[in-house]
Amino acid sequence: MDDSNQIEEIKNRLDIAQVVEKYVPLRQAGKNYSGLCPFHHEKTPSFIVSPDIQRYKCFGCGETGDIFNFVQKIENIDFPEALEKLAKEAGVELKKQNKNPKYSKLEEINYLATKYYYKELKNDATASNYIKQRGFNQESIKQFGLGYAPRYPKLLEYITKNSSKLSNQELIDSGLFVNKEGKIREKFYDRIMFPIRSTKGSVIGFTGRVLPGNDYGPKYMNSPDTQIFHKKDNLFGQYESRQEIRKLDLAILCEGSPEVIFAHQNGIKNIVAPLGTGLTKEQLQNLSKLSKNILFFFNSDTAGQAAVVKAFKLASELNLYPYAATPVPYKDIDEMIQKEPGKMEKLIEQKQEAFSYIFSNFIIDKDLSELSDLTNTKNFVKDLLSHVSDQILHNHYNDKIKQIGKIDLGISVSAIPDSTFSRKNTKGLLVKDNICLLEKTYLQLLIFSKDRSEEIFIPSRYFSSSILGEMYLTIKHSGKTELADIVKLFEADENKKLFMEDIVFRSTEIDEDSNKQLEKLTRRLKKQYLTRQQKALSVKIAIAEESNSSTDMEKLLAKMQHLTKLLKKVTDD
Ligand SMILES: [Zn+2]
């Protein structure tokens, strides 16, 4: 069985409604099911699942796809992982994947290390006491797998005992060992170990914090980059916080791993932190798969505030929605949670747009009636806005400047490329598109009714949309009656495929007596068609009047009379 066969086999065995229902409560709606979209915040359902074509679509945010897309997106996993998961559910045995064996060895070493450090933390009274006194509770130790690398660690021994055939090179490649004058030595000792998990949950590296009295190395030390661990791509807490981030549609970014854990203990579970280095574009990009709303919650010192400006620029370049909050008067989240446990939740609620936050902080000590301050402010804002590629946000920020600064800096927006609009247009095109509704409804009834007798068809000229007209003829001439087959007719044409999906997903209001509905609809379409003709004709008549062409005029008027009669007939029927 090759890959595409396996995919087909899985799709045949699983029903999309059942797969989706594990995450989203669904209600039957006509031929489809509807529910609250799991990918954006909403109060009335616009998320539709079609069992006929085995796809879903949200009319609110535009998300659409099949079971694989759905599971990938909702679990935040990549395609091979979704394949594996769904294959298991479908009872389809996948042929061996050629996963890089070295990668799984590195994962294995990190996994064994997590177990070893976790065990050592329990065994060591000093480390246990330190953890307790720092405020980490038992649940966090378990959930985050906190551990301890002892002063005289025996990780190498533990790994060798529990795993077979690991070369020295593989041990060094894991980042947990170093080569010191030809001898394999452990990298971490006498440190509290925070395992860093990949988005799918396997440990890919560690952050080690020194215990008091250990003077070797920096206070926080991370695993070096390895083949499975790249600091610039990963965030601490990305696995543990993923579901809550999606649920609340908000990701909080703080400065360090311990803060992520303290926040979790405080009931705030949609929080992540970069790994020792500054925030990167890649990290934000990965995070934005879960939510586009990012709240920067950095330390209240100057460095923390500079980081907010940098983060705002990065987020704006990615068309995300950046917010900001600060633990003031406390130094950081850690201190704030200890001294005022309920405060963080309130600050999250009161979060400001990062732009307003940065701008109001900048002008706090400026006098905008002074030329030098004004120039400074203008240059500062210009630089900020140069990173905002979304035109709507750009205008919005300009409004904020007027509101907060009581001043119009007059920064033009014309040079900014409009990327959001074009993106929204390709995805959301059909969402608010109510034109040709009758034509779409007609096609809907046609494809859901297996009746292909002559009376059901209408002249293709009744279609005002040429694309829908073409689709109609294709359906008519194909002779296909099964919805899945009909949908396949348009697979090659992206535009028609989208229209088809739209038609299928909108079929929530079809009742059982579709023939009666069809009859009515045919009449309305005919009427619409005749009205269009009439309009076109009256334009022609007006032109003929201008040019005083009496022969044309006579013909045209006769035609008009005929059209009017036809229209009256349709209306009377
Ligand atoms: Zn949605």
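All values derive from a computational prediction rather than experimental measurement. (Residues numbered from 1 in each chain as written. Predicted model: local features only at pLDDT ≥ 70, side-chain atom pairs only at ≥ 80, totals over all residues. Heavy atoms only, no water.)

(A) Geometry of the overall build of the chain. Looking only at helices and strands, the chain has 25 helices and 16 strands in total. For the C-alpha atoms alone, the extent of the chain along its principal axes is close to 105 × 75 × 40 Å. Put simply, the chain has 573 residues, and 49% of those count as buried. Pairs at least 24 residues apart make up 65% of the contacts formed inside the chain by residues separated by at least 6 positions. When the accessible surface of the chain is summed, it comes to about 29,600 Å², and 50% of that surface belongs to carbon and sulfur atoms. Considering the chain, the positive charge centre built from 85 side chains and the negative charge centre built from 78 side chains are found 1 Å apart. (Helix = DSSP H or I, 4+ residues; strand = E, 2+ residues; numbered from the N terminus. Buried < 20%, exposed > 50% of the residue type's maximum accessible area, 1.4 Å probe, protein only. Contact = heavy atoms within 4.5 Å. Areas by Shrake-Rupley, 256 points an atom, 1.4 Å probe, with all protein chains shown as cover. Lys, Arg positive; Asp, Glu negative; His and termini not counted. Charge placed at Lys NZ, Arg CZ, Asp CG, Glu CD.)

(B) Representation of the nonpolar core in the model. Counting residues in each nonpolar core, the largest one holds 42 residues, and the members touching the most others are Tyr442, Leu443, Leu446, Ile447, Tyr472, Met500 and Val504. In this view, Leu446 contacts Arg452, Ile456, Phe457, Tyr472 and Ile475; residues no more than four positions away in its chain are not counted. (Core = buried A, V, L, I, M, F, W, Y, C linked by side-chain atoms within 4.5 Å.)

(C) Region of the structure containing the packing of helix α13 (residues 302–317) against helix α16 (residues 354–363). Interhelical geometry of α13 versus α16 gives an angle of 135° and a closest axis separation of 10 Å. In this view, α13 runs oblique relative to α16, as classed from their interaxial angle. Between α13 and α16 the crossing geometry is left-handed. Touching Gln305, Val308, Val309 and Phe312 of α13 are Ala354, Phe355, Tyr357, Ile358 and Asn361, all from α16. Residue composition of the contact of α13 with α16, by class: seven nonpolar, two polar and no charged. (Axes fitted to C-alpha atoms, helices over the stretch in contact; angles between N-to-C directions. Parallel < 35°, antiparallel > 145°, perpendicular 65-115°, else oblique. Left-handed = near helix turned anticlockwise from the far one by under 90°. Nonpolar A, V, L, I, M, F, W, Y, C, P; charged D, E, K, R; others polar.)

(D) How the structure looks around the environment of Ala306. Here Ala306 lies in helix α13. Residue class for Ala306 comes out partly exposed when judged on its relative accessible area of 48%. Measuring from C-alpha to C-alpha, the distance between Ala306 and Thr326 comes to 12 Å, with 20 residues separating the pair along the chain.

(E) Quick peek at the pairing of strand β9 (residues 191–197). Along β9, seven of the seven residues are buried, which leaves the element largely enclosed by surrounding structure. Burial of β9 is two-sided: the residues Arg191, Met193, Pro195 and Arg197 facing one way and the residues Ile192, Phe194 and Ile196 facing the other way are all buried. Note that strand β6 (residues 147–149) and β9 share three bridges and pair antiparallel. The residue bridging Tyr148 from the neighbouring strand is Ile192, located in β9. The sheet contact formed by β9 and strand β10 (residues 203–210) spans seven bridges and is antiparallel. Bridge pairing links Met193 to Gly208 in β10. (Pairing = 2+ DSSP bridges.)

(F) Molecular detail of the sheet that holds strand β13 (residues 271–272). Taken in spatial order, the five strands make up an open sheet running β13-β12-β14-β15-β16, and their pairing is mixed. The open sheet has two edge strands with one neighbour each: β13 and β16 (352–353). Both strand β15 (residues 321–325) and β16 contribute to a ladder of two bridges, which runs antiparallel. Its bridge partner lying in β16, Ala324 is registered against Gln352.

(G) Geometry of the coordination of the zinc ion. Looking at the zinc ion, the protein donor atoms are Cys37 (SG), His40 (ND1), Cys58 (SG) and Cys61 (SG), and they sit 2.1 to 2.3 Å from it. Of note, the zinc ion draws all its donor residues from one chain, in the sequence arrangement C-x2-H-x17-C-x2-C. Taken together, the residues span a long stretch of sequence, with His40 in the loop between β2 (32–35) and β3 (47–50) and Cys58 in strand β4 (residues 55–58) at a distance of 18 residues. With a relative accessible area of 22%, His40 lands in the partly exposed category. (Donors = N, O, S within 2.8 Å, 3.2 Å for Na, K, Ca; no water.)

(H) Fine view of helix α25 (residues 550–572). Helix length check: α25 (23 residues) gives 33 Å between terminal C-alpha atoms against 33 Å at 1.5 Å per residue, within 8%. Of all the residues in α25, the buried ones are Met553, Leu556, Met560, Leu563, Leu567 and Val570. (Expected span 1.5 Å × (residues − 1).)

(I) Highlighting the environment of Lys142. Along the chain, Lys142 falls in helix α7 (residues 138–144). A C-alpha to C-alpha distance of 79 Å links Lys142 and Thr564, two positions 422 residues apart in sequence.

(J) Representation of unusual backbone geometry. Pro329 follows Val328 through a cis peptide bond whose omega is 10°. You can see Pro329 is positioned in the loop between β15 and α14 (333–339). Although it is not a glycine, Gln54 sits at a positive phi angle of roughly 55°. With respect to the helices and strands, Gln54 occurs in the loop between β3 and β4. Of note in the backbone geometry, Asp190 takes a positive phi value of approximately 50° without being a glycine. By secondary structure assignment, the location of Asp190 is in the loop between β8 (183–186) and β9. Residue classification places Asp190 among the buried positions, given a relative accessible area of 3%.

(K) Spotlight on the side chain of Lys231. Relative to the helices and strands, Lys231 is located in the loop between β11 (220–222) and α10 (242–248). Within the local environment of Lys231, its side chain forms a polar contact with the backbone oxygen of Ser223, the two atoms lying 2.8 Å apart. If sequence neighbours within four positions are ignored, Lys231 has contacts with Asn222, Ser223, Pro224, Asp225, Leu275 and Gln283. (Polar contact = N/O pair within 3.5 Å; in protein donor to acceptor, adjacent residues only side chain to side chain.)

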